[in-house]
Amino acid sequence: MSLGAVTRLELRRLAVRPLAWAIAALTIAWLAWSFVLGLGQFLGAQVKLAGMADAPGFTDLVAIPLLAELAKLAFLVVPLMTMSLLAGERRTGTLALLASTGLAPWRIVIGKYLAVLLWLALWLLATLAMPLMVGAESTADWGKLAAATLGTALLLATLAAIGVACSAATSFPAISAAMALIVTLVLWTIDRGAQAAGVSGGFLEWLTMATHLQNLLRGLVVSSDLIWFALAIALSLILATRRLGGDRERQ
Amino acid sequence: MTDLPLLNVTGLFRRRAGRAAVTDVSFSLNRGEVLGLLGVNGAGKSTTLSMLSGALRPESGGITLDGRDFVAHPGIARSLVGWLPEAAPLWPELSVDEHLLAFARLRGSSRWAARRAADAIIGRLQLGDLRRRLAGVLSQGQRQRLGLACALVHEPALVILDEPANALDPVQIGELRKLIRERAASGAAVILSTHVLGEVVAVCDRVAILHEGRLRHDAPLHDEAGGKTLEATFFGIATGAGA
């Protein structure tokens, strides 16, 4: 199946380039350090927490902050991982070569998206392994952790789709990365002006990515949040496909 | 085999960078035929070949490939067309072997068929010593041979070669000519774009000359009295002295 062939090709390219390995090594080292610090603080506060009714536990104080830290890193990591997917290929001429194999643009876009998604899933799993190993020996709130993991996974999938769309829009990987970062930051903070004016609950709040992620990180799985992520992913991938299809007209 | 031409091109028109790059180009090509496409730089050769490979859509005009509308259904290029672009674009981080397997899989071959096809073309183009080498460290001539192998790995019915002899040494050029004739003998149609008139004389059955985006000459090579006449025809068109 040609979709699988595109994904395999992209995974192979990710595996042999140093960028993916360097990013994975540096970020996981940073996350491990954050985890150790968080765990140390949690253990140090045990006496104080024991005296509190409804005290936050391991999940609230260690596991979810770790996922939030990964989400912050993802703002930079995902644009770096997606910047060359289409922009780099367009620049070197291999995108036209891919198009000449008769592959529909959507197959190229989805194939490449799936490859990045797989890398991001491994990145998330490697991070999640830390609280899971400790959580198995303590009293973790598994439901809350599952919701937070779902939220982080959806955030990564959305950022990857935005990155693919930005990569489809240009021939310059660096511009693609900058565009993806700006679009993400705009989506993250779009309701800040409304908040400053004391307005809440409107369309801008719904449009803001942070609103939907924060619900999931608190353990709330609401269908409107899931729909928001699904729409953002679908819209980004449709835009990328349309732009790629336009290459045959535009070059 | 059928009497219908494999490729039928009618009235192709395409602008690039705001100016007409190809205007009203029409020709047809039969199975087993080798067409030499000549023209000075900027004549519209690469634009024409990009349209024939499916990478670029004509603004007007039609391309029929194996009896099917290629403009409306570029997906048919998957099994029917093999294209070597001028600069032989490759992924520098992948090996020769990985390129060939990837192209065979992208063209729809199963894993085992792709392995067999890659091995066959590696043997045919004598790439065995290079199969584990990364494309990024290949010499220009080796890159060109790998690009050629990628274009031929799925045994396409229409082979489009844009300056395939670039950076090849005389021995490799001889091998390339043999390979083109072999493909034609096996029923493939070949379009060979080149600046080198000797290339056309050595391997082509027909020659087409593009100038300023228009097809100015399309005739069997045997109509010419040897390479010298082809040279006279080409220079006549290129310098505007005749058509």
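Residues numbered from 1 in each chain as written. Chains lettered and ligands numbered in written order. Predicted model: local features only at pLDDT ≥ 70, side-chain atom pairs only at ≥ 80, totals over all residues.

Novice: I tried to follow the overall build of chain B on my own but got confused; where do I start?
Specialist: Summing up its helical and strand segments, chain B has 8 helices and 10 strands in all. Against the 2.2 N^0.38 benchmark of 18 Å for 243 residues, chain B shows a C-alpha radius of gyration of 18 Å, consistent with a compact globule. In terms of principal-axis extent, the alpha carbons of chain B reach across some 50 × 40 × 40 Å. Nonlocal contacts in chain B, meaning residues at least 24 apart in sequence, comprise 67% of its contacts between residues at least 6 apart. (Helix = DSSP H or I, 4+ residues; strand = E, 2+ residues; numbered from the N terminus. Rg over C-alpha atoms; globule rule 2.2 N^0.38 Å. Contact = placed C-beta atoms within 7 Å.)

Novice: What am I meant to see in the sheet that holds strand 7 (residues 158–162) of chain B here?
Specialist: Two orientations exist for strands paired in a sheet by backbone hydrogen bonds: parallel and antiparallel. Residue and element names in this part refer to chain B. Read across the sheet, 6 strands follow the order 6-7-8-3-9-10 without closing on themselves; strand pairing throughout is mixed. The open sheet has two edge strands with one neighbour each: strand 6 (81–84) and strand 10 (214–220). On average, adjacent strands in this sheet sit at an angle of 15 degrees to one another, irrespective of strand direction. With 6 bridges connecting them, strand 9 (residues 206–211) and strand 10 associate as antiparallel partners. The residue bridging Ala208 from the neighbouring strand is Asp218, located in strand 10. Seen against the sheet, helix 5 (residues 140–152) touches strand 6 and strand 7 and runs at an angle of roughly 170 degrees to strand 6. Packing against the sheet, helix 6 (residues 170–185) makes contact with strand 3 (34–38), strand 7 and strand 8 (189–194), and its axis sits at approximately 150 degrees to strand 8. (Pairing = 2+ DSSP bridges. Axes fitted to C-alpha atoms, helices over the stretch in contact; angles between N-to-C directions.)

Novice: Just checking my understanding: could you explain the environment of Glu155 of chain B for this structure?
Specialist: Along the chain, Glu155 of chain B turns up in the loop between helix 5 and strand 7. In this structure Glu155 of chain B comes out as partly exposed when scored by C-beta crowding, with 16 C-beta atoms within 10 Å. (Buried ≥ 20, exposed ≤ 12 C-beta atoms within 10 Å, placed from the backbone.)

Novice: Please clarify how the pairing of strand 2 (residues 19–29) of chain B should be interpreted in this entry.
Specialist: Where a strand is regular, its side chains alternate between the two sheet faces. Residues and elements named next belong to chain B. Looking at chain direction, strand 1 (residues 7–16) and strand 2 are connected through 7 bridges and run antiparallel. Its bridge partner lying in strand 2, Arg15 is registered against Ala20. If you look at the hairpin formed by strand 1 and strand 2, you'll find 2 residues sitting between the two strands, and Ala17 has a positive phi there, around 50 degrees.

Novice: Would you explain the sheet that holds strand 5 (residues 68–69) of chain B in this entry?
Specialist: Residue and element names in this part refer to chain B. What the 4 strands build is an open sheet, ordered 2-1-4-5; its pairing is antiparallel. At either end of the open sheet lies a strand with only one pairing partner, and these are strand 2 and strand 5. Sheet topology places strand 4 (residues 60–65) next to strand 5; 2 bridges connect them, and they run antiparallel. Following the sheet pairing, Thr64 is matched in strand 5 by Asp69. With respect to the sheet, helix 1 (residues 45–53) is in contact with strand 1, strand 2 and strand 4, its orientation differing from that of strand 1 by roughly 120 degrees.

Novice: What exactly am I supposed to notice about the interface of chain B and chain A here?
Specialist: How big an interface is tends to be stated in terms of accessible area lost as the parts join. Each side of the interface is counted separately: chain B has 24 residues, and chain A has 21 residues. When contributions to the side of chain B that touches chain A are tallied by element, the ones reaching two or more residues are helix 2 (77–80), strand 6 and helix 3 (96–106) of chain B. Looking at the side of chain B that touches chain A, the element that brings in the most residues is helix 3 of chain B, giving 4 residues. Across the side of chain B that touches chain A, the residue classes break down as 14 nonpolar, 4 polar and 6 charged. (Nonpolar A, V, L, I, M, F, W, Y, C, P; charged D, E, K, R; others polar.)

Novice: When you look at the nonpolar core in this model, what are you seeing that I'm missing?
Specialist: Nonpolar side chains in soluble globular proteins generally cluster together in the buried interior. Counting 145 residues, the largest nonpolar core has Val164 of chain A together with Leu100 of chain B as the members making the most contacts within it. By residue number, the principal contributor to this core is helix 8 (residues 142–168) of chain A, which donates 15 residues. Ignoring sequence-local partners within four residues, the contact set of Leu100 of chain B consists of Ala118, Ile121, Ile122, Ala149, Cys150 and Val153 of chain B. (Core = buried A, V, L, I, M, F, W, Y, C linked by C-beta atoms within 7 Å.)

Novice: Would you mind showing me how to read unusual backbone geometry here?
Specialist: Glycine aside, residues mostly have negative phi angles, and peptide bonds mostly take the trans form. Residue and element names in this part refer to chain B. A positive phi angle, close to 50 degrees, is found at Glu155, a residue other than glycine. Phi at Glu163 is positive, roughly 50 degrees, even though this residue is not glycine. On the basis of neighbour count, Glu163 is assigned to the buried category, with 21 C-beta atoms found within 10 Å.

Novice: Could you clarify how one ought to interpret the packing of helix 4 (residues 58–82) of chain A against helix 9 (residues 173–189) of chain A in this entry?
Specialist: In a packed pair of helices, the relevant descriptors are the angle between the two axes and the axis-to-axis distance. Residue and element names in this part refer to chain A. With their axes 8 Å apart at the nearest point, helix 4 and helix 9 run at an angle of 145 degrees to one another. Read as a crossing pair, helix 4 and helix 9 show a hand that is right-handed. Between helix 4 and helix 9, the contacting residues are Phe75, Leu76, Pro79, Leu80 and Thr82 on the first element and Ala177, Ala180, Leu181 and Thr184 on the second. Residue classes in the contact of helix 4 with helix 9 are distributed as 7 nonpolar, 2 polar and no charged. (Left-handed = near helix turned anticlockwise from the far one by under 90°.)

Geometric values such as these leave the question of function open.
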